[in-house]
Amino acid sequence: MPKKSRKPSSLLVLFALFLAASAGAQTLEQAWAVALQADHSLKAVSENSAVAAQQLQAAQAARLPGLLVAAGYTAMEDDPAFKADFDGASVTFPVAEKDSHAYRARVTLPLYTSGRITQGIGAANAALQASRTEVSAKTLDVKLAVAEAYVGVLRAARRHDVASSHVSSLQAHAADVQNYYEQGIVSRNDLLAAEVALADAQQSEIKVANVLDIARSAYNRLLGRALNAPVSLADIQAQPLGLSLEALSERAMKQRHELLFLQEQIRALRHRAAAFRAANGPQLALSGGYDYQENRYQLDEGLWSVNLGMQWQVFDGGVVHHSAQAVERRAAAVQEQFDDLRSKIALQVRQYWLDVQETAKRIPVTEKAIAQAEENLRVNRDRYEHGISTNTEVLDAETLRVASLYNHANATYDAVLASLRVKHSVAEL
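This structure is a prediction, so every number in the text was calculated from the model and none was measured. (Residues numbered from 1 in each chain as written. Predicted model: local features only at pLDDT ≥ 70, side-chain atom pairs only at ≥ 80, totals over all residues. Heavy atoms only, no water.)

Asks: What exactly am I supposed to notice about the pairing of strand E5 (residues 283–293) here?
Replies: When a strand is regular, its side chains alternate between the sheet's two faces. Two elements, strand E4 (residues 99–112) and E5, share ten bridges in a ladder whose sense is antiparallel. Of the residues in E5, the one forming a bridge with Tyr103 is Tyr292. Examined bridge by bridge, E5 and strand E6 (residues 302–311) share ten bridges and lie antiparallel to one another. For Leu284, the partnering residue across the bridge sits in E6 and is Met310. (Pairing = 2+ DSSP bridges. Helix = DSSP H or I, 4+ residues; strand = E, 2+ residues; numbered from the N terminus.)

Asks: Can you help me understand a negative patch on the surface in this one?
Replies: On the surface, Glu77, Asp78, Asp79 and Asp99 cluster together to form a negatively charged patch. Judged by its relative accessible area of 52%, Asp78 falls in the exposed class. (Patch = residues over 30% accessible without salt bridge, like charges linked within 9 Å, V, L, I, M, F, W, Y side chains within 5 Å. Areas by Shrake-Rupley, 256 points an atom, 1.4 Å probe, with all protein chains shown as cover. Salt bridge = Lys/Arg side-chain N within 4 Å of Asp/Glu carboxyl O. Lys, Arg positive; Asp, Glu negative; His and termini not counted. Charge placed at Lys NZ, Arg CZ, Asp CG, Glu CD. Buried < 20%, exposed > 50% of the residue type's maximum accessible area, 1.4 Å probe, protein only.)

Asks: How should the side chain of Ser169 be read in this particular structure?
Replies: Looking at where Ser169 falls in the secondary structure, it is placed in helix H4 (residues 116–182). We classify Ser169 as buried; its relative accessible area is 8%. If we ignore the near neighbours within four places in the chain, the residues touching Ser169 are Leu377, Arg381, Glu398 and Arg401. (Contact = heavy atoms within 4.5 Å.)

Asks: Whenever I open this one, the pattern of salt bridges confuses me. Can you help?
Replies: Side-chain pairs of opposite charge can arise where the charged atoms are in close proximity. Applying the stated criterion across every chain, the model contains 16 salt bridges. Glu328 is the salt-bridge partner of Arg277, the closest N and O atoms lying 3.5 Å from each other. Separated by 51 residues along the polypeptide, Arg277 in helix H7 (residues 257–278) and Glu328 in helix H8 (residues 319–385) bring together distant segments of the chain. On the basis of relative accessible area, Arg277 is assigned to the partly exposed category, the value being 39%. A relative accessible area of 26% means that Glu328 is categorised as partly exposed. Of the charged contacts in the structure, one is a salt bridge between Glu375 and Arg378, with a shortest N-O distance of 2.6 Å. Note that Glu375 and Arg378 are positioned in helix H8 at a spacing of three residues, about one turn of the helix. Residues participating in the shared-partner salt-bridge network are Arg155, Glu358, Arg362 and Asp414.

Asks: Help me out: how do you make sense of the nonpolar core in this one?
Replies: General note: in soluble globular proteins, nonpolar side chains tend to be found buried as a group. Counting residues in hydrophobic clusters, the biggest one holds 35 residues, and the most contacted among them are Val146, Tyr150 and Tyr219. Contributions of two or more residues to this core are made by helix H2 (28–38), helix H3 (40–61), H4, helix H5 (188–222) and helix H9 (391–425). In terms of residue count, H4 provides more of this core than any other element does, 13 residues in total. Formed by 22 residues, the second largest nonpolar core is a distinct cluster that contains Phe261, Leu269, Ala273 and Val422. (Core = buried A, V, L, I, M, F, W, Y, C linked by side-chain atoms within 4.5 Å.)

Asks: Help me out: how do you make sense of the packing of aromatic side chains in this one?
Replies: To describe a pair of aromatic rings, one takes the distance between the centres and the angle between the planes. Under the counting rule described, the total for this entry stands at six aromatic pairs. Judged by centre distance (6.5 Å) and plane angle (40°), the ring pair of Tyr103 and Tyr290 falls under tilted. Remark: Tyr290 occurs in strand E5 and Tyr103 occurs in strand E4; sequence separation between them is 187 residues. With relative accessibility at 24%, the residue Tyr290 sits in the partly exposed group. Ring centres of Tyr150 and Tyr219 lie 6.0 Å apart, and the angle between their planes is 70°; on these two criteria the pair is classed as edge-to-face. Placement of the pair is Tyr150 in helix H4 and Tyr219 in helix H5, with a sequence separation of 69 residues. (Phe/Tyr/Trp six-rings, centres within 6.5 Å; stacked < 30°, edge-to-face > 60°.)

Asks: Would you take a moment to explain the sheet that holds E5 for this structure?
Replies: By way of backbone hydrogen bonds, the strands of a sheet pair with one another, either parallel or antiparallel. Within the open sheet, the four strands sit side by side as E1-E4-E5-E6. Their pairing is antiparallel. The open sheet terminates on both sides in strands that have one partner only, identified here as strand E1 (66–75) and E6. Put simply, the sheet's adjacent strands are angled 20° from each other on average, direction ignored. (Axes fitted to C-alpha atoms, helices over the stretch in contact; angles between N-to-C directions.)

Asks: Is there a simple way to explain the environment of Gln255 in this structure?
Replies: Among the structural elements, Gln255 can be located in helix H6 (residues 245–255). When the C-alpha atoms of Gln255 and Val51 are compared, they prove to be 24 Å apart, with 204 residues separating the residues in sequence. Setting aside residues no more than four positions away along its own chain, Gln255 makes contact with Leu260, Val426, Ala427 and Glu428.

Asks: I tried to follow a nonpolar patch on the surface on my own but got confused; where do I start?
Replies: A cluster of nonpolar residues, Leu111, Tyr112, Leu286, Val306 and Leu308, forms a patch on the protein surface that exposes about 520 Å² of accessible area. Elements with a minimum of two residues in the nonpolar patch: E4 and E6. Within the secondary structure layout, Leu111 lies in strand E4.

Asks: How should I be thinking about empty space enclosed by the protein in this particular structure?
Replies: Remark: the empty space left among the atoms is shown by a probe the size of a water molecule rolled over them. Under the definition given, this model contains two cavities of 30 Å³ or more. In this structure, the second largest cavity occupies an estimated 30 Å³ of space. In terms of lining, the second largest cavity is formed by Ala137, Leu140, Asp141, Arg256, His257, Glu258 and His424. Every element with two or more residues in the lining of the second largest cavity is listed here: H4 and H7. Its residues placed into classes, the lining of the second largest cavity shows two nonpolar, two polar and three charged. (1 Å grid on protein atoms, 1.4 Å probe; cavity = no way out; pocket = protein on both sides within 12 Å on 5 of 7 lines; lining within 4 Å. Points joined across faces, edges and corners; volume = space filled by probe spheres on them. Nonpolar A, V, L, I, M, F, W, Y, C, P; charged D, E, K, R; others polar.)

Asks: Explanation requested: the layout of surface pockets in the structure shown.
Replies: Each pocket or cavity is described by its volume, and for the second largest pocket that value is around 270 Å³. As for the second largest pocket, its lining consists of 15 residues, and the residues nearest its centre are Ala127, Ala130, Phe261, Gln265 and Arg272. Elements with a minimum of two residues in the lining of the second largest pocket: H3, H4, H7 and H8. With five residues, the top contributor of residues to the lining of the second largest pocket is H7. Broken down by class, the residue content of the lining of the second largest pocket amounts to eight nonpolar, four polar and three charged.

This is the structure in structure tokens:
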């Protein structure tokens, strides 16, 4: 029987397919730009940040003068009157009109509040900073989710290419076995086995195609597109870290937005507790304005006035004290969350760093396995052509080839994900 020409390496074929598919394809950076504009959860967090900014402005406005304008109309049954006795004679005289209108305008400026306003501004400012770090953290979470979906599409596409190459290989083998069977060289069992293996490969290809479609739909959802929109992605490679585990952990502790968020929350709560306590301190305010009361019996219906007032709540039964203590307890609870999160982040960085080391070792091993599987398949096919090997050995060799390609694809994209997750864990994605 004539020998077949040697086929190019499956890895090279798959790589060529990816290069062709990646021409003009969307990059991960482009995907991030689209997703950050479309993500609703990020928009919600951004709105919360806008709320905090308004609350800060409200707290700052408490230092400014306040203007109160009021007006009213009064209708009574009779004119209000006073009764007086003069030398035994009773005299009644009106003091106001039964129907009258009045208005007033008053400006009040807080001069001293024992730090209540200052602490309120500090609490609002810390809350604003916390909300901004939450936006930054959410941005990184969205980018990581998009990256994972992006890699998921690439992985599913690579698996689909492998499944397709498996079908093509078994189709060629089944055609050869059919030819050998018609020549009476092999038994019908060989033909049936080849056809069953081909049918199983076709079924697997259908399943992998479904997984690919689901992966594309999930990716499109994150980008705010129709689920069935076409997806064409550029391939991506793992980026070297260039830093030790210790350096990465140190960066994570300084840069993780979740930690900064909790720190700002603690600062806001402590300012709020101080504001509560300041409410029991002396409160000094300056006020002045104009009051007008319609009354023909009054010498001056309109009066200007200035008032310097002080208020001091010396004792309130402990309301303010306990309220401040409650806020301090909340700050202590957040501090415990902060300490717990630090240990979790340290573990996370270590886990992803170890994943990077693992995948870096797996990739060359799987590449070598592909070459060995290719050679094993070639040898078994050659032996089968010469009647030395069995059909089962050829099918087993093809199964090993496909497994080696799957392992390489998994190792490649596991490495990409590991490097992306390390960057996310140190807030540098």
